Amino acid sequence: MTPALWFDLFVILGLAFCWMGTMVLIVGGLPRQLRRGEVPTAPPGTPEAFGLWWLDQYAYIGLTVLVLGVAALIASVIV
């Protein structure tokens, strides 16, 4: 693969990952561990606690995808 093709690939994937990660964070918000102030809690073992856990996982996935997108954009400059 030529360097120009790698550049294009990293830019396209980076922008797509940034877009998807941002959309996930807009919908799910930040994980409770990264929020300031009061955060919702629920007693362990309840369906509400499971729902909060699931939303935290969803937010971490969005944050990870966003970071991977930024890394791909940085890699496109390096390659």
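Before reading further, recall that the structure is shown in the block above.
Reading guide: rules and limits
- Residues numbered from 1 in each chain as written.
- Predicted model: local features only at pLDDT ≥ 70, side-chain atom pairs only at ≥ 80, totals over all residues.
- Heavy atoms only, no water.
- Helix = DSSP H or I, 4+ residues; strand = E, 2+ residues; numbered from the N terminus.
- Buried < 20%, exposed > 50% of the residue type's maximum accessible area, 1.4 Å probe, protein only.
- Polar contact = N/O pair within 3.5 Å; in protein donor to acceptor, adjacent residues only side chain to side chain.
- Contact = heavy atoms within 4.5 Å.
- Patch = residues over 30% accessible without salt bridge, like charges linked within 9 Å, V, L, I, M, F, W, Y side chains within 5 Å.
- Areas by Shrake-Rupley, 256 points an atom, 1.4 Å probe, with all protein chains shown as cover.
- Salt bridge = Lys/Arg side-chain N within 4 Å of Asp/Glu carboxyl O.
- Phe/Tyr/Trp six-rings, centres within 6.5 Å; stacked < 30°, edge-to-face > 60°.

## What about the environment of Trp-6?
Examined against the element boundaries, Trp-6 turns out to sit in helix H1 (residues 3–28). Here the alpha-carbon distance between Trp-6 and Gly-51, two residues 45 residues apart in the chain, equals 40 Å.

## Some details on the side chain of Asp-56
Following the sequence through the fold, Asp-56 ends up in helix H2 (residues 47–78). With a relative accessible area of 4%, Asp-56 lands in the buried category. Within the local environment of Asp-56, its side chain forms a polar contact with the side chain of Arg-32, the two groups lying 2.8 Å apart. Beyond its immediate stretch of four places on either side in the chain, Asp-56 contacts Pro-31, Arg-32 and Gln-33.

## Section: a nonpolar patch on the surface
Where nonpolar side chains cluster on the molecular surface, the patch consists of Met-1, Leu-5, Trp-6, Leu-9, Leu-13, Phe-17, Leu-68 and Val-79 and spans about 730 Å² of accessible area. The element contributing the most residues to the nonpolar patch is H1, with five residues. What makes Trp-6 partly exposed here is its relative accessible area of 33%.

## Points about the packing of aromatic side chains
By the definition in use, this model includes three aromatic pairs. Between Phe-50 and Trp-53 the ring centres are 5.7 Å apart and the planes differ by 25 degrees, which places this aromatic pair in the stacked class. One end of the pair, Phe-50, and the other, Trp-53, are both in helix H2, three residues apart, so they sit about a helical turn from each other. The class for Phe-50 is exposed, based on a relative accessible area of 54%. Note on Trp-53 and Trp-54: the rings are 6.1 Å apart at their centroids and 45 degrees apart in plane angle, and the pair reads as tilted.

## Digging into the pattern of salt bridges
Tallying each qualifying case throughout the model produces one salt bridge. Measuring nitrogen to oxygen at the nearest pair gives 2.8 Å for the salt bridge that ties Asp-56 to Arg-32. Placement of the pair is Asp-56 in helix H2 and Arg-32 in the loop between H1 and H2, with a sequence separation of 24 residues.

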